[in-house]
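The lines below spell out each chain.
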Amino acid sequence: MVILANAAQAQHLAAFGAPLRRIGGRLSLLPDTVPVALRTVVSGNGYVLPRSRGLIAAGSTYETEEDAAPSESEGNAGNLKRLYGLLPECPPDIDLALV
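Residues numbered from 1 in each chain as written. Predicted model: local features only at pLDDT ≥ 70, side-chain atom pairs only at ≥ 80, totals over all residues. Heavy atoms only, no water.

Next up on the list: helix α1 (residues 72–86). With 15 residues, α1 ought to run about 21 Å at 1.5 Å a step, and its terminal C-alpha atoms sit 21 Å apart, in line with that. What α1 keeps buried is the set Gly75, Asn76, Gly78, Asn79, Leu80, Leu83 and Leu86. As for α1, its buried residues are in contact with β2 (27–30), β3 (42–44), β4 (46–52) and β5 (55–59). (Helix = DSSP H or I, 4+ residues; strand = E, 2+ residues; numbered from the N terminus. Expected span 1.5 Å × (residues − 1). Buried < 20%, exposed > 50% of the residue type's maximum accessible area, 1.4 Å probe, protein only. Contact = heavy atoms within 4.5 Å.)

So this is what it looks like as C-alpha cells:
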C-alpha cells in the first residue's frame, strides 16, 4: 500500500498499475489552552500531532468518494472522541471555537 497525501493530484506523480482512490479527512486544530505536552505523534484510532505554532492537531475523519462528508461540527466531535481515546487525560471541555 502506498499513501500519497497530495489531494487529487496523486495521478500526476507516477504511473500506477492500479487505480487510485480518493479518501478525504477533516483535521481539528485544538487551542493553545489544551494542556498536552507531546514530543511525538500519538497514533491509534486517530492521531494527535505535537504542538506547532501554538496549536495541536487531532484527527482525522475518513471519507471515501461515496461517503457524505460530515459537517464541521460532526467532524470536530468525532476528532475529539478520537483524541480522548488516545489521551484520556485531556480536559473534557475543549472549546474549538477558541482556534
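Core analysis: the largest hydrophobic core is formed by 13 residues, its most contacted members being Leu30, Leu83, Leu87 and Ile94. Of all the secondary-structure elements, those providing two or more residues to this core are β5 and α1. Counting residues per element, this core draws most heavily on α1, which supplies 3 residues. Discounting residues that sit within four places of it in the chain, Ile94 has contacts with Leu30, Pro31, Val34, Leu80, Leu83 and Tyr84. (Core = buried A, V, L, I, M, F, W, Y, C linked by side-chain atoms within 4.5 Å.)

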